[in-house]
Amino acid sequence: MKHARRWRRALFLSLVWLAGTTLDAQASSGKGKTEVASPSLGLATIPRLSGEPWEALNTLAPIAEFSQVAPRVGATPSRRTELRLGHDDRNLYVRFKAYDDEPGSIVAQQMRRDVEAMLAEDVLAIAIDPEGDARNGYLFVVNPNGAQFDALIFDGGQIRFDWDAQWISNARIEADGWQAELSIPLAALASQPAGESRRHWRINAERWMPRGSERVRLAGVQPDKDVHSLGDALRIPAIEAESTAQNLRLKPALRWVGESAAASGTGRDRQRLEPSLEVFHQAQSGLRSALALNIDFAEAEADERQVNLTRFELFRPEKREFFLRDAGRFTFGGLIESTVIPYYSRRVGLDANGRGRSLDAGLKVSGQLGGWDVGAFASRVAGGPTEPGSPNQRAAEVAVVRLARPQGEHGRLGLLATTGNPAGTSSSSLVGLDYQHRDTQWQGDKTLEAHAWAMHSRNEGQGDDSAWGGSILLPNVGLNLRAEVQRIGTNFNPALGYLAESGIVRSIGESAWWHRTVEGADIMPGLDWQYRRKLDGSETSWQLNPEIAYFTPAGEGGLVEWFVEADTLASGYAPVPKLWIPPGSYRWHYLFGTLQSATSRPMYFTAEWRFGGYYDGKRNDQSARIDWKPTPSWGAQLGLARNELVLPDASFTAWTSSFRIDYTPSTRLGQSLLVQWDNVTHQLGFSARLRWQWSPGKEAIVALDRLGYTGERNAGQIGQTVGMLKLVWNFEP
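What this report covers is the structure whose coordinates are included nearby. (Residues numbered from 1 in each chain as written. Predicted model: local features only at pLDDT ≥ 70, side-chain atom pairs only at ≥ 80, totals over all residues. Heavy atoms only, no water.)

With the rule as written, the count across this model stands at 14 aromatic pairs. Both rings, one in phenylalanine 140 and one in tryptophan 167, keep their centres 5.1 Å apart while their planes meet at 80°; by these two values the pair is edge-to-face. Here phenylalanine 140, found in strand E5 (residues 137-142), pairs with tryptophan 167, found in the loop between strand E7 (158-160) and strand E8 (168-174); they are 27 residues apart in sequence, far enough to count as distant. Assigned by exposure class, phenylalanine 140 and tryptophan 167 land together as buried. Between tryptophan 692 and tryptophan 694, the aromatic rings sit 6.1 Å apart at their centres with planes inclined by 55°, giving tilted as the arrangement. Exposure remark for tryptophan 692: the relative accessible area of 45% places this residue in the partly exposed category. By relative accessible area, which is 30% here, tryptophan 694 ends up partly exposed. (Phe/Tyr/Trp six-rings, centres within 6.5 Å; stacked < 30°, edge-to-face > 60°. Helix = DSSP H or I, 4+ residues; strand = E, 2+ residues; numbered from the N terminus. Buried < 20%, exposed > 50% of the residue type's maximum accessible area, 1.4 Å probe, protein only.)

Next up, the structure:
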């Protein structure tokens, strides 16, 4: 049976690979593919600037061939937008001029960096693929206040909003509109080395105007495309920055950390004064490396408080800067926020209690080498105390290697391997093979993406086992589809990854008909499904939910779904304390809805509700969040969630609340306070952050976290307090 399953997995991957290469061959020969004309960037190359760069940029002719994406596809923009590009040996210079005959109506509410609500304001964006292969790139966005938003682009069109780069932006509102200037270090772009045969970049640019809900773009002018869809970006000869610069950046830091007795894990207060060092280098080959010595992650934002009513581990996003750099290089099989991920960076540097661990040493290498897309990471995670009376956690040595190589015009074959266990207790390893096919001009102007993958894990004391799966994605106007299937072996365990559950077969899908109205609104009726079965046949569950969604071009609208679920439990579980769902077979249904207003408003909200069945009882949920921006400097957010569970023998209502206040007087100084509480853990958490860039490359960070308890747990639990002051310098020899 084991050999038969291996042959089926091999045959499955071979068929998907063969199908992908066949499609690539058809594309290369011109068969089965319609060529789509796209506007010219209007530049033979990005000019080299001499003298003062911004003055030199003024002498260049602008790129102004923008077209409407919304509300009317392909129409002439109602307001002119100009783009100028230039470079010297160190930086790429980008200047936008956004004309507007009503400058007093320009929307600019955010000053804080990387706030997603900023994307609904007046913004200008540029997407850059410095490798030219439509796989990996970077997105840079700025609003009229000069506030920054950046993202990592990977797998041709996926993005990670939590990635950050060091770049400079300035913007101002003028009598005839607004202007933005971006200075992006070439080292941050990791461009191709001189002499490479494929010597081009891909660039796209976009402007969003909330007044009139108008979006204009240089290329990829379809409503189901995004500015970060690299396959639609325009080609331009790559920058060749011949310079004596060493492409080396040193980032030393000095931090003081103070921990209360409960937070230190030793039973006594502890204070530490420690240096750290990060070294970033880009070789002439384009390969980038980062060396980290004794770094910690105390300044990372606190996780959003959630009450877990399922019997599976919650997936939480990565927020630590060191792991976010080049994170797209390590993605595998299209598994981003999936139920199985072979490499989940939150496993590194966090213990079982969520307490941060410093890295004694870490080395990361990424880029392109000899036609291969390369990512490698190795680190030694510090051990130390966990809880008073408990044994110390061992130091752990872990490593990840990711290799991928293009297969034809649209395919990519990759390998991923991990070794080590974050707990440092046993030997663990994993190896995986994946294939991706992505075509942004399928059947003329549609996007088709497919993935196939297989993995094998080995863990001391647990044995070895395999997992495999595949997915298909059609993110298009008209038929919009995502379907995925997975088989996870009983003993499969990615020690450095995320796994919700082993020993199952699972299928997940979303299908809809995406209709874009003449005014630019989206109407999407659809049907979603999930199916799950334990390999031993002990449990089976399924879910069907028809739905309909409506959203205006500004993002206002809502969604209504009707769920029908069934679940067979082999063993019972407690969703919250004092409630028990016994083994058995269950079937129920409920109604779910969500409503939201446009985030470009000074005050906006999101609300969700659920009414109906839950196993052999009922569950009613309500949640709401209100954001208020009275000025660009001040912001507040209030969230409240209620989950009422009523079972035949007992009932419980879970409450979760949060309050956040931000003060950002300038783009170089930001302060925030986050307060969270829930009545399941009875934890009351305070998290304060201050970041001050007192001059370019020099930054001070203050973090203070306090975790206390309310109700009955207040008497039996000791509060935990952690404070940190960190001074950071950046040098470029």
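After presenting the structure, the write-up continues.
Looking now at the sheet that holds E8. With antiparallel pairing, the four strands of this open sheet are ordered in space as E2-E3-E9-E8. The open sheet is flanked by strand E2 (81-87) and E8, the only strands paired with a single partner. Shown here is a sheet whose adjacent strand axes are inclined to one another by a mean of 10°, direction ignored. Where strand E3 (residues 91-99) meets strand E9 (residues 177-185), nine bridges bridge the pair, whose relative direction is antiparallel. What sits directly across from valine 94, in E9, is leucine 182. (Pairing = 2+ DSSP bridges. Axes fitted to C-alpha atoms, helices over the stretch in contact; angles between N-to-C directions.)

This part is about the environment of alanine 283. Inspection of the secondary structure assignment puts alanine 283 in the loop between strand E14 (270-282) and strand E15 (288-295). Its relative accessible area of 26% is what places alanine 283 among the partly exposed residues. Here the alpha-carbon distance between alanine 283 and asparagine 247, two residues 36 residues apart in the chain, equals 7.3 Å.

Turning to its location among the elements, threonine 418 is positioned in strand E20 (residues 411-419). Not counting residues within four places of it along the chain, the set of residues in contact with threonine 418 comprises Pro342, Ala399, Val400, Ser428, Ser429, Leu430 and Leu496. (Contact = heavy atoms within 4.5 Å.)

Moving on: the pattern of salt bridges. Counting across every chain of the model gives 45 salt bridges. A salt bridge links arginine 48 to aspartate 89, with the nearest nitrogen and oxygen atoms 2.6 Å apart. Highlighted residues: arginine 48 in the loop between helix H1 (2-29) and helix H2 (53-58) and aspartate 89 in the loop between E2 and E3, separated in sequence by 41 residues. The salt bridge involving glutamate 102 is made with arginine 211; its shortest N-O contact spans 3.8 Å. Placement of the pair is glutamate 102 in the loop between E3 and strand E4 (123-129) and arginine 211 in the loop between strand E10 (200-209) and strand E11 (214-217), with a sequence separation of 109 residues. Linked by salt bridges that have partners in common, Arg79, Asp100, Glu102, Arg211 and Glu214 make up one network. (Salt bridge = Lys/Arg side-chain N within 4 Å of Asp/Glu carboxyl O.)

What follows is about the environment of threonine 653. Position of threonine 653 relative to the elements: it lies in strand E34 (residues 651-666). Residues threonine 653 and valine 680, 27 residues apart in the sequence, show an inter-C-alpha distance of 9.1 Å. Residues in contact with threonine 653, not counting those within four places in the same chain, are Arg642, Asn643, Glu644 and Asn679.

The next point concerns the pairing of strand E35 (residues 669-678). As paired strands, E34 and E35 are joined by nine bridges and run antiparallel to one another. Within E35, the residue paired with threonine 656 across the bridge is aspartate 678. Between the antiparallel neighbours E34 and E35 lie two residues. Bridge count for E35 against strand E36 (residues 683-695) is nine bridges, and the pairing is antiparallel. Each residue of the ladder has a partner; that of glutamine 671, found in E36, is leucine 690. From the end of E35 to the start of E36, which pair antiparallel, there are four residues, and histidine 682 there has a positive phi angle of about 60°.

With that out of the way, let us pick up a nonpolar patch on the surface. Together, Leu254, Trp256, Leu273, Val702 and Leu725 make up a nonpolar patch on the protein surface, roughly 440 Å² of accessible area in all. Checked against the element boundaries, tryptophan 256 lands in strand E13 (residues 248-259). For tryptophan 256, a relative accessible area of 35% corresponds to the partly exposed category. (Patch = residues over 30% accessible without salt bridge, like charges linked within 9 Å, V, L, I, M, F, W, Y side chains within 5 Å. Areas by Shrake-Rupley, 256 points an atom, 1.4 Å probe, with all protein chains shown as cover.)

A word on the pairing of strand E28 (residues 540-551). Of the strand pairs in this sheet, strand E27 (residues 522-534) and E28 are connected by 12 bridges, and their pairing is antiparallel. Within E28, the position partnered with arginine 532 by the bridge is serine 541. The turn joining E27 and E28, which pair antiparallel and follow one another in sequence, is formed by five residues; a positive phi near 75° is taken by glycine 537. The sheet contact formed by E28 and strand E29 (residues 557-569) spans nine bridges and is antiparallel. Looking across to E29, one finds that glutamate 547 is bridged to glutamate 561. As consecutive antiparallel partners, E28 and E29 are separated by five residues, and within that stretch glycine 555 has a phi angle of approximately 95°, a positive value.

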